Amino acid sequence: MKRVITYITTALLLIGCTAPQAQYQYTEGYELHTPYHIKYNHTKPLHSEIKNLLQEYYHSVNAFDSTSIISHVNRNIPIELDTIFVNMFNKAIEVSNATDGLFDITCAPLINLWGFGFKSGQPVTEESIEQAKKLVGYQKVRIENNHIVKENPDMLINLSALGDGYSCDLIASLFDRHGIQDYCIEIGGEIVAKGKNPNGNNWRIGVIEPIEGSTTADQVINRVVELTDGRGLATSGDYRNFHEVNGKKVGHQINPKTGYPAGSDIVSATIIAKDGITADGFATAFMVMGSERVKKYVESDTTLDYFLIIKTSDSTVTTMHRLR
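As the structure is a computational prediction, the values presented were derived from the model and not from experiment.

It is not clear to me how the nonpolar core should be interpreted in this structure. Could you clarify?
Considering soluble globular proteins, one finds that nonpolar side chains tend to be buried as a cluster. Within the largest apolar cluster, 67 residues are counted, with the highest numbers of intra-cluster contacts made by Ile 50, Phe 85, Phe 175 and Phe 286. By residue number, the principal contributor to this core is helix α8 (residues 276-289), which donates nine residues. Other than its neighbours up to four places away in sequence, Phe 175 contacts Ile 38, Tyr 40, Leu 46, Ile 50, Ile 180, Tyr 183 and Ile 185. In this structure, Cys 107, Leu 113, Trp 114 and Ile 129 belong to the second largest nonpolar core, which totals 10 residues.

Have a look at this one:
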């Protein structure tokens with residue numbers, strides 16, 4: 001009898017010590033008007049950790065939160081920067097330098113003027129554009145002793161062009177710390193993916209055809225790309241975010257040097273880079289640069305993969321790409 005009891009006890013111990021099996025978890029949400037959909041292969045769901053990390057991000061750089069760090073910076077209230085803000089600021093300066101200032105986080109006065117920011121109402125005139133341009137220039141802001149220093153206190157900083165990509169990177173870092181090898185993180189349309197999907201294949205991402213007025217129900221896939229190794233993918237386009245100003249249709253991509261909407265021949269720019277924040281920054285910059293400048297730029301920067309949809313002179317579209 002003792003031997004039987006011993007066997008039973010040993011069996012129970014072995015069952016109790018069996019490690020939980022990893023399986024694909026799914027987390028989704030809608031934080032501050034930004035939807036997210038996240039799949040990851042892990043032994044348990046990480047819903048609360050993901051949500052807490054996104055809330056930490058928003059409290060750092062969300063300009064609509066009056067208590068955020070960036071709101072303090074823009075109101076010239078002294079505040080110490082956190083790691084999220086510093087990382088995004090440094091990446092912004094890197095992209096600005098690489099693109100000759102066509103990406104600029106101080107462009108908020110122009111974005112607001114054209115009606116795409118959180119302030120509007122001033123008529124768009126040559127004079128108002130020139131006045132707004134006086135408050136634009138990424139070289140006029142810097143970090144000193146973990147605080148922002150601005151040459152003009154009326155300057156505003158807007159990091160939203162990097163936001164969704166960097167949010168993906170934050171969640172990817174969380175997963176890496178947990179030892180998760182397979183995941184796909186999509187926040188606001190930007191994506192970071194690593195490893196394999198539930199079918200054991202690389203993650204496959206569809207690039208949407210840029211059709212004005214299209215909805216989720218009638219989207220058309222132009223190209224499918226594979227994503228793995230923790231790389232980031234971001235898409236920028238003017239075909240959805242636009243409106244009329246002085247009787248003319250304008251897109252939300254503003255050229256910080258001219259003060260006017262970019263109006264380039266690129267209608268959609270999809271960038272694949274080493275991480276989400278880099279992809280996000282260059283997707284925005286490429287939209288402003290236009291295809292001819294992009295062609296020259298990518299000759300020297302071989303780290304980026306891209307898929308551009310370009311409007312031709314006869315109003316048809318063509319593509320330009322480098323995908324590996």
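The rest of the description comes next.
What am I meant to see in the packing of α8 against helix α9 (residues 291-300) here?
For the pair α8 and α9, interaxial distance at closest approach is 7 Å and the crossing angle is 130°. In terms of axis orientation, α8 runs oblique to α9. Facing Phe 282, Phe 286 and Met 289 of α8, the residues of α9 in contact are Ser 291, Arg 293, Val 294, Tyr 297 and Val 298. Across the contact of α8 with α9, the residue classes break down as six nonpolar, one polar and one charged.

Explain the pattern of salt bridges to me, please; I cannot follow it from the model alone.
If the charged atoms of two oppositely charged side chains come close together, the side chains can form a pair. Throughout the structure, instances matching the rule amount to nine salt bridges. Notably, a salt bridge pairs Asp 100 with Lys 257, separated by 2.9 Å at the nearest N-O pair. Remark: Lys 257 occurs in the loop between β11 (248-251) and β12 (266-273) and Asp 100 occurs in the loop between α4 (83-98) and α5 (108-113); sequence separation between them is 157 residues. Using a relative accessible area of 45% as the deciding quantity, one classes Asp 100 as partly exposed. Ionic pairing is found between Glu 130 and Lys 133, a salt bridge with its closest N-O pair at 3.6 Å.

What is the right way to read the pairing of strand β13 (residues 305-311) from this model?
Within a regular strand, side chains alternate between the sheet's two faces. In terms of burial, β13 is a largely internal element, six of the seven residues being buried. Pairing between β13 and strand β14 (residues 317-322): six bridges, direction antiparallel. From the neighbouring strand, Tyr 306 faces β14, where its bridge partner is Arg 322. Linking two consecutive strands that pair antiparallel, namely β13 and β14, is a turn of five residues; a positive phi of about 70° is found at Ser 315 within it.

How should α8 be read in this particular structure?
Residues that lie three or four places apart on an α-helix share one face, since the helix turns once every 3.6 residues. With 14 residues, α8 ought to run about 20 Å at 1.5 Å a step, and its terminal C-alpha atoms sit 20 Å apart, in line with that. By the criterion of burial, α8 is predominantly enclosed, with 14 of the 14 residues buried. Gly 290 lies just past α8 and shows a positive phi near 85°.

Which parts of the structure should I look at to understand unusual backbone geometry?
Most peptide bonds take the trans form, and the phi angle of most residues other than glycine is negative. One non-glycine residue, Asp 100, lies in positive phi territory at about 55°. Positive phi, close to 70°, is recorded for Ser 315, a residue that is not glycine. Structurally, the position occupied by Ser 315 is in the loop between β13 and β14. Residue class for Ser 315 comes out exposed when judged on its relative accessible area of 60%.

Rules used in this analysis
- Residues numbered from 1 in each chain as written.
- Predicted model: local features only at pLDDT ≥ 70, side-chain atom pairs only at ≥ 80, totals over all residues.
- Heavy atoms only, no water.
- Core = buried A, V, L, I, M, F, W, Y, C linked by side-chain atoms within 4.5 Å.
- Buried < 20%, exposed > 50% of the residue type's maximum accessible area, 1.4 Å probe, protein only.
- Helix = DSSP H or I, 4+ residues; strand = E, 2+ residues; numbered from the N terminus.
- Contact = heavy atoms within 4.5 Å.
- Axes fitted to C-alpha atoms, helices over the stretch in contact; angles between N-to-C directions.
- Parallel < 35°, antiparallel > 145°, perpendicular 65-115°, else oblique.
- Nonpolar A, V, L, I, M, F, W, Y, C, P; charged D, E, K, R; others polar.
- Salt bridge = Lys/Arg side-chain N within 4 Å of Asp/Glu carboxyl O.
- Pairing = 2+ DSSP bridges.
- Expected span 1.5 Å × (residues − 1).

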